[in-house]
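Residue strings, one per chain:
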Amino acid sequence: MTGSQLNPVTKHREFFGVPGALGMVLVLPMVIPLLYFVTNENYCIHGVSLDIEAIKKQIPSTWTQLSNICFHKQSWLFYLSWFSAITTLDLILPGKRMNGTQLRDGTYLTYNINGGAVSSTVVAIIAARVVSAKNYYVPELQFVYDHHLHLIAVSIIFSFAMAIFVYAGSFVPLTHENGLGTRERILSINGNSGNPIYDFFIGRELNPRIGAWDIKLFCELRPGLLLWIVIDLACIHHQYHQYGVVTDSILLVSALQAIYVIDCSFYEEGSLTMLDITTDGFGFMLSFGDLAWLPWTYSLQARFLSLPQNHVHLGWLNSMLIVALSGFGFYVYNASNNQKSEFRQGRLENMEYIKTKTGTKLLCDGWWSKAQHINYLGDWLIAWAWCFTTGFRSPISYYYVVFVGGLLIHRQMRDDVKCSAKYGEQWAEYKRRVPYKIIPYVY
Ligand code: NDP
């Protein structure tokens, strides 16, 4: 395969092309601190009116103030130690060796699937820190709560640095990998337009690696996802130490989110078939999304509930209803993802499918006969359950359900374009047999 056959130039541009990519690189990093400015002890949006003055007061107005936030020494030390510790665990802890999906040059990348071991070790370290009176090597959870804004800034800057690193790295010729000798880097089908802004945003290289260490899978499943749990715990810690209570709402949302994260860690082989891993390059979109956006915005419900003005007491009945909704969503999400994964591994042969021109099969039975992305419905129901823990005081605590709803609809549209191009008539046939996109009989 020649270079241009292996890495065709990207013609179709998503996200409104270069202006959209540039806009997102510039605007999205500002949204995370903005969410913090409207969800803290001094000011939290209630109802529909905004107190602009209260927000303005918190925004740094001089370079000194801004640099004090962005270059806060202890926060950098914390974040770099966190990232290095998780990287070390990822590299040294044993796991199952698994191949990813077949690449365009016919080869497979091997992954060390050790998410369960890494997350269990992190949980054990945090638990040891919480129960021990003195431990000078691991900071208190309160540090994370008190330096929320500093750590947001650090994570954003770090995610930019990571995106620059992998973009620059994508131009370095690959000479040796896994003993295969000289081979070309495989670029993302979407991120090889030749425009530096667009490719930097989408991600130019499909699977940037240092040796056998896969940067994309690591960022997708380790530092940001586990930090989310640490932030939730820090919110509980703060509520308890500052106000002497731990509300059932904050416990419930943190427990439900921890289950979601632990599930992603223990069943990480399922991630090997995710769009992010198989199709998207690793660039700013994923680096920023995984390392900054996910931990600091997905933890918003816990942060909201930790504030004195939002101590929500759910009681048993509401808690049970939320658990039931979350359990149902989790069931749909897990059962459908597992069914597709098992089917693609050659099991479940008696289920109905459409054979495509590329040789792969599209399942159109079981969960996958209900909607084209029935797994997204499960995720969205889980999102509603998390947001319901916050009651109905403020629209801001429903940010996640709106965000993830939009994200999943957009993903469905992107996947439709991808599968139409890949499977042509067979994808059209699949859509005829399974007409609903995400929600059966509705959408
Ligand atoms: P899917 O798991 O739905 O994967 C889509 C791919 O699966 C398609 O590109 C195609 O790939 C294959 N496929 C599609 N239809 C079929 C079929 N009928 N039978 C067999 N294979 C099929 O999407 P995602 O990767 O986007 O999501 C994975 C999970 O992660 C979801 O549950 C989603 O909710 C969750 N997620 C959550 C996010 C969050 O922030 N909460 C963000 C992103 C994802 P191929 O080329 O192999 O045929």
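The model shown is predicted, which means the values in this text are computed figures rather than measured ones. (Residues numbered from 1 in each chain as written. Predicted model: local features only at pLDDT ≥ 70, side-chain atom pairs only at ≥ 80, totals over all residues. Heavy atoms only, no water.)

1. Brief notes about the overall build of the protein chain
The condition that has to hold: Going along the chain from the N terminus, every DSSP run of H or I of four or more residues is numbered as a helix, and every run of E of two or more is numbered as a strand. Radius of gyration here uses only the C-alpha atoms, and the compact-globule reference equals 2.2 Å multiplied by the residue count raised to the power 0.38. Accessibility here uses a 1.4 Å probe with only protein chains present; expressed as a share of the type maximum, an area under 20% marks a residue as buried, one over 50% as exposed, and anything in between as partly exposed. Where accessible areas are quoted, they stem from the Shrake-Rupley method and a 1.4 Å probe; at the residue level, only the protein chains shown are allowed to cover. All tallies of charge rest on Lys and Arg as positive and Asp and Glu as negative; His and the ends of each chain are not included. We put the charge of a Lys on NZ, of an Arg on CZ, of an Asp on CG and of a Glu on CD.
Looking only at helices and strands, the protein chain features 19 helices and six strands. For 443 residues, the compact-globule formula gives about 22 Å, and the C-alpha radius of gyration of the protein chain, at 22 Å, lands near that figure. Taking the principal axes of the C-alpha coordinates as reference, the protein chain spans close to 60 × 50 × 45 Å. Taken over 443 residues, the protein chain has a buried fraction of 53%. For the protein chain, the computed accessible surface area is about 20,700 Å², with 65% contributed by carbon and sulfur atoms. Between the mean site of the 33 positive side-chain charges and the mean site of the 31 negative ones, the protein chain shows a separation of 4 Å.

2. Thoughts on the site of the ligand
To be explicit about the condition: Whether a residue is near a molecule or strand depends on its heavy atoms: if one lies within 4 Å, it is near. Distance and chemistry together define a polar contact, namely a pair of N or O atoms within 3.5 Å, with one atom able to donate a hydrogen and the other to accept it when in protein, and with adjacent residues in sequence counting only for side-chain atoms on both sides. Charged residues are taken to be Asp, Glu, Lys and Arg, nonpolar residues to be Ala, Val, Leu, Ile, Met, Phe, Trp, Tyr, Cys and Pro, and polar residues to be all remaining types, Gly included. A domain assignment, automatic or from a database, supplies the domain bounds used here.
As a matter of local geometry, the ligand sits amid 27 residues, with Y376, D379, D415, K422 and Y423 nearest to it. D379 has a polar side-chain atom sitting 2.5 Å from an oxygen atom of the ligand. The fraction of the free accessible surface of the ligand (930 Å²) that becomes covered by protein chains is 92%. Elements with a minimum of two residues in the shell around the ligand: α16 (315-344), β6 (361-363), α17 (374-388) and α18 (399-423). Classifying every residue of the shell around the ligand gives 16 nonpolar, three polar and eight charged. Of the domains in this structure, domain 1 (1-311) and domain 2 (313-442) are the two that each give at least three residues to the shell around the ligand.

3. Focus: the pairing of strand β2 (residues 110-113)
The criterion, for reference: Two strands qualify as a pair provided DSSP detects at least 2 bridges between them.
Only one face of β2 is buried: it carries Y111 and I113, and the other face, with T110 and N112, is open. As paired strands, strand β1 (residues 96-99) and β2 are joined by four bridges and run antiparallel to one another. If you follow N99 over to β2, its bridge partner there is T110.

4. Here's the deal with the pattern of salt bridges
Note the cut-off: One speaks of a salt bridge when a side-chain nitrogen belonging to Lys or Arg is within 4 Å of a carboxyl oxygen belonging to Asp or Glu.
Tallying each qualifying case throughout the model produces 14 salt bridges. Salt-bridge contacts for K96 lead to E269; the nearest nitrogen and oxygen are separated by 2.9 Å. One end of the pair, K96, is in strand β1; the other, E269, is in the loop between α12 (248-266) and α13 (275-278), with 173 residues separating them in the sequence. K96 gets classed as partly exposed once you look at its relative accessible area, which sits at 45%. Look at the salt bridges and you will find they share partners, linking E352, E425, E429, R432 and R433 into a network.

5. A look at the side chain of S326
So the rule is basically this: Contact definition: two residues touch when any of their heavy atoms are within 4.5 Å.
In this fold, S326 is placed in helix α16. According to the relative accessible area criterion, S326 is buried, its value standing at 7%. Beyond its immediate stretch of four places on either side in the chain, S326 contacts L256, I382 and A385.

6. Description of α17
Rules: Any helix carries an expected span of 1.5 Å times its number of residues minus one.
Counted at 1.5 Å a residue, the expected span for α17 with its 15 residues is 21 Å, and the 22 Å between its end C-alpha atoms agrees. Of all 15 residues in α17, 12 are buried; the element is thus mostly enclosed. By the burial criterion, the buried members of α17 are I374, N375, Y376, L377, G378, D379, L381, I382, A383, A385, W386 and C387. In the core, the buried residues of α17 are packed alongside α11 (223-243), α12, α13, α15 (300-306), α16 and α18.

7. Some remarks on the domain arrangement of the protein chain
Applied cut-off: Summed over both partners, the accessible area lost on bringing two parts together, with a 1.4 Å probe, is the buried area.
The domain boundaries assigned to the protein chain delineate domain 1 (1-311) and domain 2 (313-442). Relative placement of domain 1 and domain 2: their C-alpha centres are 23 Å apart. Counting residues at the interface gives 39 residues for domain 1 and 31 residues for domain 2. Each partner contributes to the roughly 3,100 Å² buried at the junction of domain 1 and domain 2, and carbon and sulfur atoms together form 62% of this total. Among the residues of domain 1 in contact with domain 2, Y260, L275 and Q301 are the three that bury the most area, contributing 19% of the side total. Across the domain 1-domain 2 interface, the total number found is three salt bridges. In this structure, D280 and R414 form a salt bridge, with 2.7 Å as the shortest nitrogen-oxygen distance. Connecting domain 1 to domain 2 are 10 residue pairs in polar contact (both at pLDDT 80 or more). Of all the elements, α12 adds the most residues to the side of domain 1 that touches domain 2, at 10 residues. Class assignment of the residues belonging to the side of domain 1 that touches domain 2 gives a composition of 20 nonpolar, 14 polar and five charged.

8. Here's the deal with the state of the cysteines
The condition is simple: Here, a disulfide means two cysteine sulfur atoms that sit within 2.5 Å of each other.
According to the stated counting rule, one finds zero disulfides in the structure shown. The closest cysteine sulfur to the non-disulfide-bonded C44 is located on C235, 12 Å from its own sulfur. Judged by relative accessible area, which is 8%, C44 ranks as buried. Looking at the unpaired C219, the closest cysteine sulfur is the one in C264, lying at 15 Å. The buried category is assigned to C219, whose relative accessible area is 0%.

9. Things to note about the packing of α11 against α12
Quick reminder of the rule: In this analysis, axes come from line fits to C-alpha atoms, helices being fitted only over the stretch in contact, and the angle between any two N-to-C directions falls in the range 0 to 180 degrees. Throughout this description, any angle smaller than 35 degrees is read as roughly parallel, any larger than 145 degrees as roughly antiparallel, any in the 65 to 115 degree range as roughly perpendicular, and the remainder as oblique. Left-handed describes a crossing in which the near helix is turned anticlockwise from the far one by less than a right angle; the clockwise case is right-handed.
One way to put it is that α11 packs onto α12 with a least axis distance of 10 Å and a crossing angle of 160°. In terms of axis orientation, α11 runs roughly antiparallel to α12. As for the relative orientation of α11 and α12, their crossing is left-handed in sense. Between α11, through L225, L226, W228, I229, D232, C235, I236 and Q239, and α12, the contact on the second element is made entirely by I250, L251, S254, Q257, A258, Y260, V261 and C264. Considered class by class, the residues forming the contact of α11 with α12 number 12 nonpolar, three polar and one charged.

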